[in-house]
Number of protein chains: 2
Amino acid sequence: MALDDRKRMILQAIVEDYINTAEPVGSRSISKKTDLNLSAATIRNEMGDLEEMGLLVQPHTSAGRVPSTGGYRMYVDSLMEKYEMTAAEIDEMKKAATKKTLELEKIVRDVAAAFSGITGLPVIGVLPGTEASVVKNIKVVKIDSDKAMLIVSDKSGIIKNKLLHLKTDISDAFADDLSKILNENLSGLTISEINLSNIMEVQSVIGKNFEILASVMEMVHEAVLEIDTKQIFIDGLSNIFRFPEYGNVEKVKELFEVVEDKENLSKIIMEASVSTQTKILIGDEIPIPELKNNSVVLSPYRVSENITGILGVLGPARMDYPKIISALEFFTNQLSEALTNDFSDKKNQKLMIGKGDE
Amino acid sequence: MALDDRKRMILQAIVEDYINTAEPVGSRSISKKTDLNLSAATIRNEMGDLEEMGLLVQPHTSAGRVPSTGGYRMYVDSLMEKYEMTAAEIDEMKKAATKKTLELEKIVRDVAAAFSGITGLPVIGVLPGTEASVVKNIKVVKIDSDKAMLIVSDKSGIIKNKLLHLKTDISDAFADDLSKILNENLSGLTISEINLSNIMEVQSVIGKNFEILASVMEMVHEAVLEIDTKQIFIDGLSNIFRFPEYGNVEKVKELFEVVEDKENLSKIIMEASVSTQTKILIGDEIPIPELKNNSVVLSPYRVSENITGILGVLGPARMDYPKIISALEFFTNQLSEALTNDFSDKKNQKLMIGKGDE
DNA sequence: GTTAGCACTCAACAATAGAGAGTGCTAATT
DNA sequence: AATTAGCACTCTCTATTGTTGAGTGCTAAC
């Protein structure tokens with residue numbers, strides 16, 4: 001059966017109506033709401049066809065229709081119209097995205113929280129992984145007789161640091177030497193290239209002070225490993241209470257249990273992390289059976305060439321895709337802009353997200 | 001009316017029964033379950049008295065009784081027996097509390113998560129505030145042409161650090177000088193004593209390089225302020241789904257909304273932070289009306305003399321107080337021990353929570 | 001002082017009926 | 001040939017009603 005123009009329009013109308021009302025859509029209401037000038041009976045025939053094509057589903061015999069995963073997919077791929085944000089909305093978003101913090105993690109988390117507030121949806125965030133960062137500078141700073149801090153930075157300015165507890169006292173000078181040696185041997189490598197054998201090598205370069213070094217090196221290794229793990233978080237989860245589909249505790253409970261497990265979140269992220277543009281997972285396209293009535297929209301943000309994080313939303317499959325997508329991409333763009341500016345330019349002291357036109 | 005021994009025993013039996021079943025307790029079940037050898041009718045009379053005294057409440061005419069806030073209060077203050085943990089339980093807890101991380105925040109969060117897992121309750125945690133810490137060492141480390149890191153440590157080793165973005169390039173030597181000056185002028189003060197006028201003073205000590213210094217100082221000030229804010233978090237919230245009292249969405253929603261607002265959490269914490277021992281807030285003793293059917297048990301942990309954090313649980317008022325209290329105090333003790341050891345001793349490289357007898 | 005007995009109350013549950021929304025099919029209309 | 005009106009049918013949802021059972025308060029007997 002062919003999906004002619006009329007069928008497309010009817011499908012679009014049904015999806016959009018269902019997005020708004022969360023109620024199965026009947027033929028009569030489509031007949032009235034669209035300007036197709038068709039009677040309910042005609043719509044009914046068409047709806048029967050659309051159901052046969054697998055784009056609609058009927059919850060029970062005497063109910064209206066609801067989009068299937070395929071129906072939503074058709075909608076987002078070729079039916080929906082791009083949402084144009086109003087000036088007021090852009091303004092509000094800019095305001096929400098403006099943060100004066102300077103730490104990358106905080107910025108991302110704050111922006112994610114703001115985004116959740118604006119969309120009224122739970123937000124998934126992934127902090128930039130550092131495994132692809134090229135180390136530019138390593139420093140060991142003595143803090144106390146038994147403590148030192150390891151500071152690793154890369155060209156774009158991402159800095160991670162870790163407190164080291166030392167078995168033996170070291171001098172300031174020794175810390176400086178250590179920094180120099182580490183720098184000479186490890187800078188230029190990516191984080192993921194720094195492994196134990198690598199560090200051992202550095203160790204063998206210096207013959208003297210072997211024991212002291214051994215423990216420090218071990219800790220450096222641990223520190224680098226730890227830095228390596230991507231961090232996923234979710235915020236604004238309680239937003240799901242807005243949706244009638246989460247009107248009973250079982251559903252809520254299920255969602256919370258699924259989502260509290262980071263394993264699950266990374267499964268979702270995996271699906272999207274290959275792509276460099278916005279990715280939409282609808283219904284059972286999400287690799288977690290419990291989320292089959294939900295959708296996820298994910299969009300990457302950039303910190304530098306190959307360092308990226310992800311921001312996205314999670315919600316019922318009947319989300320307002322055009323609007324969500326616009327808003328999400330706006331936020332990830334702003335985030336990219338802010339982060340690349342701030343973490344590589346020399347100008348800005350305070351971080352301004354937005355194009356600086358205010 | 002006097003609260004004689006028999007009434008006390010009956011009250012205790014009712015509270016404990018209600019804690020277990022979450023169902024209003026009837027006279028007949030108390031008559032059977034206790035070894036008082038009293039008929040249901042007698043118990044009924046006594047229950048009538050207890051209700052009159054404000055210790056019990058009847059949800060409706062033909063229902064059993066439920067403890068009132070006063071009833072719970074009476075129970076925790078003078079009725080309940082101390083819960084003795086079994087060796088197996090202690091073992092399990094020790095295992096759960098053993099962490100090899102070295103960062104204070106991570107340790108606390110991990111222990112809190114473990115505690116939530118063991119008690120099956122949501123956990124509230126407060127990271128140690130640093131406002132009372134006496135600054136021992138301040139360091140400015142140059143990272144890049146436009147970035148430096150400020151590292152503040154105190155005697156017990158608590159270290160906070162912050163990335164500074166500089167307007168002007170500085171030399172390594174200048175960073176060293178800056179560290180020296182900051183140290184000479186600010187070490188010995190508590191964090192809360194370091195304020196703007198204080199920093200201005202340092203600034204005036206050095207005449208030259210004024211402009212450069214001005215911006216650095218401003219950032220130092222900001223950094224110190226930021227360090228000052230206590231951090232409250234909540235974990236394991238989805239545990240509340242275990243309780244029948246959260247069987248409908250409205251209740252769950254309400255709880256989530258209350259608890260997501262940090263303002264509310266700090267209100268709760270305020271109530272307890274004066275005390276140096278375990279504090280129990282029951283029902284409407286919690287300064288948040290929405291939580292009137294809940295209780296909070298809070299216990300402080302020590303990092304050093306006057307630096308403390310708080311760990312606690314939140315749950316329905318009918319929680320198993322004796323057990324919760326034992327477990328909570330066990331955990332805060334372990335935490336105190338681990339943190340004071342690790343953050344002041346010179347011995348342990350790895351952090352062992354527990355008495356090291358394994 | 002304690003207990004048995006009894007009338008009474010009320011929530012919870014199940015069964016039933018009716019309304020309303022929506023469908024599919026058929027026959028009439030354009 | 002496509003569209004539409006009409007109608008019987010299906011199924012959910014809501015309200016109503018009756019029934020059950022747990023629990024109480026009171027009174028009179030032990």
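Just so we're clear, the structure is a prediction, and the values are computed from it rather than from any experiment. (Residues numbered from 1 in each chain as written. Chains lettered and ligands numbered in written order. Predicted model: local features only at pLDDT ≥ 70, side-chain atom pairs only at ≥ 80, totals over all residues. Heavy atoms only, no water.)

A. Layout of the pairing of strand β9 (residues 294-304) of chain B. Residues and elements named next belong to chain B. A large share of β9 lies buried, amounting to nine of its 11 residues. Bridge count for strand β8 (residues 279-282) against β9 is four bridges, and the pairing is antiparallel. Directly across from K279, in β9, lies its bridge partner L298. Relative to strand β10 (residues 307-316), β9 is paired through 10 bridges, and the arrangement is antiparallel. Across the sheet, Y301 pairs through a bridge with G309, a residue of β10. Between the end of β9 and the start of β10, which pair antiparallel, lie two residues. (Buried < 20%, exposed > 50% of the residue type's maximum accessible area, 1.4 Å probe, protein only. Helix = DSSP H or I, 4+ residues; strand = E, 2+ residues; numbered from the N terminus. Pairing = 2+ DSSP bridges.)

B. Spatial organisation of the nonpolar core. In terms of nonpolar packing, the biggest core is built from 160 residues, with V297, Y321 and F331 of chain A together with V297, L311, Y321 and F331 of chain B touching the most fellow members. In this structure, V297 of chain B is in contact with T278, K279, I280, L311, G312, V313, M319, Y321, I324, I325 and L328 of chain B, ignoring residues within four places of it in sequence. (Core = buried A, V, L, I, M, F, W, Y, C linked by side-chain atoms within 4.5 Å. Contact = heavy atoms within 4.5 Å.)

C. Fine view of the protein's contact with DNA strand D. Surveying the vicinity of DNA strand D reveals 21 residues, the closest of which are R6, T42 and S62 of chain A together with S27 and R65 of chain B. For DNA strand D, the fraction of protein-proximal atoms (within 4 Å) that sit in sugar or phosphate groups is 75%. The separation between a phosphate oxygen of DNA strand D and a polar main-chain atom of S39 of chain A is 3.0 Å. One of the side-chain N or O atoms of R44 of chain B is found 3.1 Å from a base nitrogen in DNA strand D. Contributing elements (two or more residues each) for the surface near DNA strand D: α3 (40-52) of chain A together with α3 (40-52) of chain B. Looking at which element gives the most residues to the surface near DNA strand D, the answer is α3 of chain A, with four residues. (Near = heavy atom within 4 Å. Polar contact = N/O pair within 3.5 Å; in protein donor to acceptor, adjacent residues only side chain to side chain.)

D. Examining the protein's contact with DNA strand C more closely. The local shell around DNA strand C holds 21 residues, among which S27 and R65 of chain A together with R6, T42 and S62 of chain B are the closest. Counting only the atoms of DNA strand C within 4 Å of the protein, the fraction contributed by sugar and phosphate is 78%. Within the backbone of S39 of chain B, one N or O atom sits 3.2 Å away from a phosphate oxygen of DNA strand C. S62 of chain B places a side-chain nitrogen or oxygen 3.1 Å from a base oxygen of DNA strand C. Contributions of two or more residues to the surface near DNA strand C are made by α3 of chain A together with α3 of chain B.

E. Structural view of a negative patch on the surface. Residues and elements named next belong to chain A. Together, E250, E254, E257, E260, D261, E263 and E290 give the surface a local cluster of negative charge. Here the element with the most residues in the negative patch is helix α10 (residues 249-260); it accounts for four residues. Inspection of the secondary structure assignment puts E260 in helix α10. (Patch = residues over 30% accessible without salt bridge, like charges linked within 9 Å, V, L, I, M, F, W, Y side chains within 5 Å. Areas by Shrake-Rupley, 256 points an atom, 1.4 Å probe, with all protein chains shown as cover. Salt bridge = Lys/Arg side-chain N within 4 Å of Asp/Glu carboxyl O. Lys, Arg positive; Asp, Glu negative; His and termini not counted. Charge placed at Lys NZ, Arg CZ, Asp CG, Glu CD.)

F. Representation of the packing of aromatic side chains in the model. Applying the stated rule across the entire model yields 13 aromatic pairs over all chains. One aromatic cluster in this structure is built from F241 and F256 of chain A together with F241 and F256 of chain B. One Lys or Arg, R109 of chain A, reaches over the ring of F233 of chain A and ends 4.5 Å from the middle of that ring. (Phe/Tyr/Trp six-rings, centres within 6.5 Å; stacked < 30°, edge-to-face > 60°. Lys NZ or Arg CZ within 6 Å of the ring centre and 35° of its normal.)

G. Broad picture of unusual backbone geometry. Residue and element names in this part refer to chain A. Despite not being glycine, N37 shows a phi value in the positive range, around 55°. As for its placement among the helices and strands, N37 is situated in the loop between α2 (27-33) and α3. Judged by its relative accessible area of 73%, N37 is exposed.

H. Spotlight on the packing of helix α1 (residues 5-21) of chain B against α3 of chain B. Residues and elements named next belong to chain B. Interhelical geometry of α1 versus α3 gives an angle of 90° and a closest axis separation of 10 Å. In this view, α1 runs roughly perpendicular relative to α3, as classed from their interaxial angle. Across from R6, K7, I10, L11 and I14 in α1, the residues of α3 making contact are T42, I43, E46, M47, D49 and L50. Residues belonging to the contact of α1 with α3 are distributed by class as follows: six nonpolar, one polar and four charged. (Axes fitted to C-alpha atoms, helices over the stretch in contact; angles between N-to-C directions. Parallel < 35°, antiparallel > 145°, perpendicular 65-115°, else oblique. Nonpolar A, V, L, I, M, F, W, Y, C, P; charged D, E, K, R; others polar.)

I. Structural detail: the side chain of T190 of chain A. Residues and elements named next belong to chain A. If you trace the backbone, T190 turns up in the loop between α7 (172-186) and α8 (196-205). Of the residues examined, T190 reaches a relative accessible area of 15% and is grouped as buried. Excluding anything up to four places from it in sequence, T190 contacts E131, A132, S133 and V134.

J. Summary view of the sheet that holds strand β9 (residues 294-304) of chain A. Residues and elements named next belong to chain A. Ordered in space as β7-β3-β10-β9-β8, the five strands form an open sheet in which the pairing is antiparallel. Each having just a single partner strand, β7 (232-235) and β8 (279-282) make up the two edges of the open sheet. Between one strand axis and the next, the sheet turns through 20° on average, direction left out of account.

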